[in-house]
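These are the residues of each chain, in order.
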Amino acid sequence: MTNLQTFSGRARPRMVFLLLPLTVVALLTGCGTKGGNGATDGSMTTPAVEPAAVALPEANTFGELASAPADPSPTAPTGGEVLHPKEDAVVFRTPGGEPIARLPRTQIGSPTWVPVIARQGDWAQVLLPTRPNGATGWLHATPDAVESAQNDFRVTVDLAGFRLEIHEAGKPAGSWTIGTGKPEHPTPAGRAFILASIQESVNTYSPIVLPLSSHSASHETFGGGPGTVGLHTWPDNSFVGKATSDGCIRVTREALNRLVELPLGTIVQIT
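Residues numbered from 1 in each chain as written. Predicted model: local features only at pLDDT ≥ 70, side-chain atom pairs only at ≥ 80, totals over all residues. Heavy atoms only, no water.

**Q** Explain the overall build of the chain here, please?
**A** The helix and strand inventory of the chain stands at two helices and 23 strands. In the chain, which comprises 271 residues, the proportion classed as buried is 55%. Of the roughly 11000 Å² that the chain leaves accessible, carbon and sulfur atoms contribute 53%. (Helix = DSSP H or I, 4+ residues; strand = E, 2+ residues; numbered from the N terminus. Buried < 20%, exposed > 50% of the residue type's maximum accessible area, 1.4 Å probe, protein only. Areas by Shrake-Rupley, 256 points an atom, 1.4 Å probe, with all protein chains shown as cover.)

Rendered as C-alpha cells:
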C-alpha cells in the first residue's frame, strides 16, 4: 500500500510493497524472458441518474474498453493532479454522459491513483489502466468521491536514445541508459503512468516491478496475463542501450531504486 498525503519534493510518499504471487507478476510483458445523458460542457455537476458501479466493466490492466475516448494530447504536460477513488468509481465517456466502466479502488495489490489530463469543474478526465493504450474517461471528482493530490514528478523515456529521465517540479532529477523492447515486440510509445508496485518473491531478475498503464501491441497475452508493460531491472547490465526485451523497459538497479520512490499515478511519457 502507499501512504499518499502530498507528492511534492518536500513530502514524498512512503511505499510499502506487498508480496504477490508469480501469477500476478507474470502479467508484465517481457519481465520473465530473455527473449448518453447530461451536458458535455462541464455545466452539469452531477449525472442525471447515478449508475451502479458494480454493473459496469472494470477498468483495470486485464480489461479492454474499445469505446473509451482516446488520449486527446498524448505528448502534452499535465498539471500534476492525481486522483484515488474512495470507493469503486463510475467512469463516464463525457462529463455527465454515458457510463462506460468502473474504476476500482485498488488494483493488483496497490491503491488506484490515476493522473488527471483535463478538468471541467467537478469533472476530471483521467488516463485509464486498460486497453487500448491511451484510453481515458471522466470521473465525477467531488471531495466525497475521490482523494486528490499534487504529483510533482514525471518520467520521460526516449526509446531511440535508450534514455530514461526523472523530473521533479520540471527540473531534471536523474537520468539513466535503459533497455527497451526488441523490434518484433516494441515498447509502446505514448502517455502512460505507474499503476502499481510489486515486490518480486519468485523470480530473481528484479526485486521490484512497476507495472505501467500501457500494454504491448504484439503480445495480446504474456505469461498468463494481459501483456502489461512494466519498469524493472535485470540480473546483469547486458541490456543497457539495447532493444532486447519483450516490451518492458529495463533499468539499472540505481534507476529502479529511484523509480520506486515515485508516487503511484506518476506520468511516464514514452517517445
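**Q** So what exactly am I meant to see when it comes to the pairing of strand β14 (residues 163-168) here?
**A** A regular strand carries its side chains on alternate faces of the sheet. As paired strands, strand β13 (residues 153-158) and β14 are joined by six bridges and run antiparallel to one another. Residue pairing in the sheet places Phe153 in a bridge with Glu168 of β14. Connecting the antiparallel pair β13 and β14 is a turn made up of four residues, with Phe162 showing a positive phi of about 50 degrees. Here β14 pairs with strand β15 (residues 171-177) via six bridges, running antiparallel. Looking at the pairing, His167 lines up with Pro172 of β15. The turn linking β14 back onto β15 is made up of two residues, and Ala169 within it adopts a positive phi angle of 55 degrees. (Pairing = 2+ DSSP bridges.)

**Q** Where do I start with the pattern of salt bridges in this structure?
**A** For side chains of opposite charge, pairing can occur when their charged atoms come near one another. Per the counting criterion, the structure on display carries six salt bridges. Between Asp71 and Arg191 there is a salt bridge, with the nearest N and O atoms lying 2.6 Å from each other. Taken together, the positions of Asp71 in the loop between α1 (22-25) and β4 (81-85) and Arg191 in strand β17 (residues 190-193) put the pair 120 residues apart, joining distant regions of the chain. Note that Asp88 and Arg102 form a salt bridge whose closest N and O atoms lie 2.7 Å from each other. Taken together, the positions of Asp88 in the loop between β4 and β5 (89-92) and Arg102 in strand β6 (residues 99-103) put the pair 14 residues apart, joining distant regions of the chain. With relative accessibility at 35%, the residue Asp88 sits in the partly exposed group. Among the charged side chains, a network of salt bridges with common partners joins Glu58, Asp88 and Arg102. (Salt bridge = Lys/Arg side-chain N within 4 Å of Asp/Glu carboxyl O.)

**Q** Would you explain the nonpolar core in this entry?
**A** A general feature of soluble globular proteins is that nonpolar side chains tend to end up buried together. Core analysis: the biggest nonpolar cluster contains 29 residues, and Val155, Val157, Leu164, Ile166, Leu231, Val251 and Leu259 have the highest contact counts within it. Here Leu259 is in contact with Val155, Leu164, Ile166, Leu210, Leu231 and Val251, once residues within four sequence places are set aside. Counting 26 residues, the second-largest nonpolar core is a separate cluster that includes Ala59, Val114, Leu127 and Ala196. (Core = buried A, V, L, I, M, F, W, Y, C linked by side-chain atoms within 4.5 Å. Contact = heavy atoms within 4.5 Å.)

**Q** Before we go on, may I ask you to explain the side chain of His167 in this structure?
**A** With respect to the secondary-structure elements, His167 resides in strand β14. The class of His167 is buried, set by a relative accessible area of 15%. Within polar-contact distance, the side chain of His167 engages the side chain of Thr156 at 3.2 Å. His167 has contacts with Asp152, Phe153, Arg154, Thr156, Pro172 and Ala173, leaving out every residue within four places of it along the chain. (Polar contact = N/O pair within 3.5 Å; in protein donor to acceptor, adjacent residues only side chain to side chain.)

**Q** Mind showing me how you'd approach the pairing of strand β9 (residues 114-120) here?
**A** Sheet topology places β4 next to β9; two bridges connect them, and they run antiparallel. By the bridge assignment, Val82 is partnered in β9 with Pro115. Taking the residues between adjacent antiparallel strands as the criterion, β9 and strand β10 (residues 123-127) are bridged by two residues, where Gly121 takes a positive phi near 65 degrees.

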